[in-house]
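# Remarks on the overall topology
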Amino acid sequence: MLRHRHLGTATLALGLVVLTDVLRVFLPSVITIFGQAASTPAELLGAFALGWFVLALAAPALVVRVGARPVGLAAVLVLGATRLALTAAPGGRTQLWLASAGLLAGLVWLAATAAQVTHPVPGLAFGLTAGTLGHALLGTHDLVWWGRWESWLLSVALVALLLGAAVASARPADASPAVSEQPVAPPARSWLLAGPALLLGGMVALSPAVASTAMSFWYGAAGTALPPLFALAPLGGAVALFVFCTLTPPAGRWRPLPPVLLSAGALLFGYGPPTALSPAMLLGAAGLGGCLALTTVEQGPSTAARRGYAAVGGMLVFAVAAVLYYAAYDIGYPNGSLPAGVAVLVGLVALGGRLRPAAAGTVPSPAAAGSTTAGSTADGRPAWLAAALAALVAFGAAWVHGPWLVATNRDGPPEQVRLVAYNIRMGFGLDGRLDLAALDRAIGPADVVVLSEVDRGWLLNGGHDTLHLLATRLEMPYVFAPAAGALWGDAVLSRWPVRQVQTRALPAVGAPTGAQALGVTVDFSEGVRLAVVSTHLQPPPGTDPVVQARAVAEFATGYADGGPLVVAGDFNTEPGDPAFAALTGAGLLDAFAAVRPLPTSPADDPREQIDHIFVSPDLVATDPVAVPSTASDHLPVAVTLRLPPAAPQ
């Protein structure tokens, strides 16, 4: 029985890792492929995403009718096959439908697993931890996006482990109705937390990308972020707390503590400043682990069907909360309370059970029996050891994927610099794939890069720190300024040192997504400097962003204080529009005036001229170009700037 129980735990953990991999493809595919570059209404996007989770509600009935073993094995085969097929880099609608099929198979597998595994907390905890550590070791760049032989090798190994564990743990002796229908502890309550735990873990508590971003804000100023040392370092503490708290159920008066910690972390994430991301992670990780642990000390009857519905229902909570949270950036409503609401729900579920005497013939809970399945013994050493091991791996990932991006002045200032402005759409190309190599090629040789729509850990986009990944590939340090929450905004990358970083929020004027202007001064040495302002105007649909353009012009000219100035980004306005006139009216010159028209969007059939570079009159802009590429839904635009000599002291 002990060996079978451990096999079930291992299968659940491995399956959760593979399911999470598929989710990291499914969610951005819904946005970038089904969404067609924001041309699809948010309501339709949400309905498409939720539909697969609702469809999975039929899985528990299928399990009861056909049997957990055959349904589970068939589902895990489809899950593994789609996971490998996604590694083949299909892109486009093939990717969307493969990811959708894999998601549905994963949900059916979860329902079948719930019918067989009555103690899911160890498997859920180890699965969440393994998925987190794997993502961290990969630097948040998932295997499915690599496009190299190494991704196939590692993916095949992962799927083979899952299939082997699933076959071994689903033998008739372990999946018989007599076993699966015993009134054991804990009941369906633990399974109900699977989806919310995946959401809160992926959104903040166990996200390597959030850890990287959180660390970088401690190195910035005025609400901006710079490349940190050991970017993933906060993850070590978060993972250790999560593992330890999951394996040591609180008792007595300490039982309310985990829900309080989890809610506090979620509130900090939703309403705190960017520098609060680190404590939000630590509080959330400890609280999430403790809430899972609380469900291991409850006894009561449970059936395969109830556990199956709880598992799929919890995943439906994941989907609904994720859709509602991120749809706010398209529709426009406050969303800071949503993570806290899910945290409160988790806390209520965790505290909802009570210790009750076990009836005759029932199996005692692992925690009550002192079983290591719950992770706790009298001296607590297994919990400490597991937490220390997880922290060690996380800190190892921080060392491996924490490049120290440093810019230094060369010998003397250059005569000219190449500046590129690029809306990278969170790193996803028109084919819906995260292709860092394609972005690198599109940017080409550059001294300064201005980026819009930079994602640093949104679960909706797969939880990648796209900025850190791209900056590492380009070997260029960055300055990041958030525009919509702490994890989404604009950035400036420079091969030369930057000084005097400032950011200013722009008037929302009714737009659901925030906007800002980021100013940095590039220091070329010997008194030669260039003020660079990065922005992404976000007007309400169908309106001209003239109010935001005026605010950018005022900020930029004041920031440059008469010195050489470049203002670049996605302006969502065309030459001749009021917003464009507001910028040229402030004394800025259109760097592309000589080559107009220069359409930049959409990338596969450019028709709109909305990405621009404006310069002050003392700069000479040459070689203006829009670079053909489908690595985003916009084309990058570039100019070569001849710098004026240093002003006399």
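Residues numbered from 1 in each chain as written. Predicted model: local features only at pLDDT ≥ 70, side-chain atom pairs only at ≥ 80, totals over all residues. Heavy atoms only, no water.

On to the overall build of the protein chain. The helix and strand inventory of the protein chain stands at 23 helices and 12 strands. When the backbone C-alpha atoms are referred to their principal axes, the protein chain occupies close to 90 × 45 × 45 Å. When the 649 residues of the protein chain are sorted by exposure, 59% land in the buried category. Considering only intrachain contacts with a sequence separation of at least 6, the fraction spanning at least 24 residues in the protein chain is 79%. Accessible area for the protein chain stands at about 23400 Å²; split by element, carbon and sulfur atoms hold 65% of it. Between the averaged position of the 32 positive side-chain charges in the protein chain and that of its 36 negative side-chain charges there is a distance of 16 Å. (Helix = DSSP H or I, 4+ residues; strand = E, 2+ residues; numbered from the N terminus. Buried < 20%, exposed > 50% of the residue type's maximum accessible area, 1.4 Å probe, protein only. Contact = heavy atoms within 4.5 Å. Areas by Shrake-Rupley, 256 points an atom, 1.4 Å probe, with all protein chains shown as cover. Lys, Arg positive; Asp, Glu negative; His and termini not counted. Charge placed at Lys NZ, Arg CZ, Asp CG, Glu CD.)

This paragraph deals with helix H5 (residues 92-116). Helix length check: H5 (25 residues) gives 37 Å between terminal C-alpha atoms against 36 Å at 1.5 Å per residue, within 8%. The element H5 is extensively covered by neighbouring structure, given that 18 of its 25 residues are classed as buried. (Expected span 1.5 Å × (residues − 1).)

Bringing the sheet that holds strand E3 (residues 478-482) into the picture now. Spatially, six strands are ordered E3-E4-E2-E1-E12-E11 in an open sheet, and the strand pairing comes out mixed. Either end of the sheet is taken by a strand with one partner, and the two such strands are E3 and strand E11 (620-626). Averaged over neighbouring strand pairs, the angle between their axes works out to 20 degrees when direction is ignored. In terms of strand pairing, strand E1 (residues 416-423) meets strand E2 (residues 448-455) through five bridges, oriented parallel. What sits directly across from Leu-419, in E2, is Val-448. The sheet contacts of helix H21 (residues 466-474) involve E2, E3 and strand E4 (488-494), and relative to E2 the element is tilted by about 155 degrees. (Pairing = 2+ DSSP bridges. Axes fitted to C-alpha atoms, helices over the stretch in contact; angles between N-to-C directions.)

Attention now goes to the nonpolar core. Of all hydrophobic cores here, the largest spans 148 residues; its most connected members are Phe-26, Phe-318, Leu-451 and Leu-493. In this view, Phe-26 contacts Phe-48, Ala-49, Trp-52, Phe-53, Ala-99, Ser-100 and Leu-103; residues no more than four positions away in its chain are not counted. Listed in part, the 32 residues of the second largest apolar core include Val-450, Val-520, Leu-598 and Leu-635. (Core = buried A, V, L, I, M, F, W, Y, C linked by side-chain atoms within 4.5 Å.)

With that settled, the discussion passes to the environment of Thr-224. Within the element layout of this structure, Thr-224 appears in the loop between helix H12 (208-217) and helix H13 (233-247). Taking the C-alpha atoms as reference points, Thr-224 and His-135, 89 residues apart in sequence, are found 25 Å from one another. Residues within four places of Thr-224 in sequence aside, it is in contact with Ser-216, Phe-217, Val-479, Phe-480, Ala-481, Val-501, Thr-503 and Leu-518.

Moving on, we get to the pattern of salt bridges. Across all of its chains, the model carries 10 salt bridges by this definition. With its nearest N and O atoms 3.9 Å apart, the salt bridge here joins Arg-642 to Glu-415. With Arg-642 in strand E12 (residues 637-642) and Glu-415 in the loop between helix H19 (381-400) and E1, this pair connects stretches of sequence that are 227 residues apart. Among the residues examined, Arg-642 registers a relative accessible area of 42% and is labelled partly exposed. Under the relative-accessibility criterion, Glu-415 is labelled exposed at 61%. Salt-bridge contacts for Asp-523 lead to Arg-499; the nearest nitrogen and oxygen are separated by 3.4 Å. (Salt bridge = Lys/Arg side-chain N within 4 Å of Asp/Glu carboxyl O.)

H12 sits mainly inside the fold: 10 of its 10 residues count as buried. For H12, every residue scored as buried is listed here: Pro-208, Ala-209, Val-210, Ala-211, Ser-212, Thr-213, Ala-214, Met-215, Ser-216 and Phe-217. Those residues of H12 that are buried lie in contact with helix H6 (121-137), helix H11 (194-205), H13, helix H15 (277-294), H21 and E3.

Across the sheet, which stays open at both edges, the six strands sit in the order E5-E6-E7-E8-E10-E9 with mixed pairing between neighbours. What marks the edges here is a single partner per strand, and that holds for strand E5 (498-505) and strand E9 (589-590). Lying over the sheet, helix H22 (residues 546-560) contacts E5, strand E6 (516-523), strand E7 (529-536) and strand E8 (565-570), oriented at roughly 20 degrees with respect to E6.

Attention now moves to the packing of H5 against helix H16 (residues 304-331). One can describe the packing of H5 onto H16 by two numbers: an axis separation of 7 Å at closest approach and a directional angle of 145 degrees. You can see that H5 and H16 cross each other, and the crossing is right-handed. Of the residues in H16, those touching H5 at Leu-107, Leu-110, Ala-111, Ala-114, Ala-115 and Gln-116 are Ala-304, Arg-307, Gly-308, Ala-311, Val-312 and Met-315. Residues that form the contact of H5 with H16 fall into these classes: nine nonpolar, two polar and one charged. (Left-handed = near helix turned anticlockwise from the far one by under 90°. Nonpolar A, V, L, I, M, F, W, Y, C, P; charged D, E, K, R; others polar.)

Moving on: the side chain of Asp-455. Counting through the fold element by element, Asp-455 comes out in strand E2. For the buried Asp-455, which has no salt bridge, the nearest side chain bearing the opposite charge is Arg-456, at an N-O separation of 7.9 Å. At a separation of 3.1 Å, a polar atom in the side chain of Asp-455 contacts the main-chain amide nitrogen of Gly-457. (Polar contact = N/O pair within 3.5 Å; in protein donor to acceptor, adjacent residues only side chain to side chain.)

Of note, the bond from Arg-596 into Pro-597 is cis; its omega dihedral lies within 30 degrees of zero at -5 degrees. In this structure, the amide linkage connecting Ser-601 to the following residue, Pro-602, adopts the cis form with an omega of -5 degrees. Following the sequence through the fold, Pro-602 ends up in the loop between E9 and strand E10 (611-615). Despite not being glycine, Gln-500 shows a phi value in the positive range, around 50 degrees. For Gln-500, a relative accessible area of 57% puts it in the exposed group.

Moving on, we come to the packing of helix H20 (residues 436-443) against H21. The interhelical angle for the contact between H20 and H21, taken along N-to-C directions, is 55 degrees, at an axis separation of 10 Å. Of the possible angle classes, the one that applies to H20 and H21 is oblique. Once H20 is placed against H21, the crossing between them reads as right-handed. Residues Leu-436, Ala-437, Leu-439, Asp-440 and Ile-443 of H20 touch H21, and the partners they reach there are Leu-469, Leu-470, Arg-473 and Leu-474. When grouped by side-chain class, the residues that make up the contact of H20 with H21 number seven nonpolar, no polar and two charged. (Parallel < 35°, antiparallel > 145°, perpendicular 65-115°, else oblique.)

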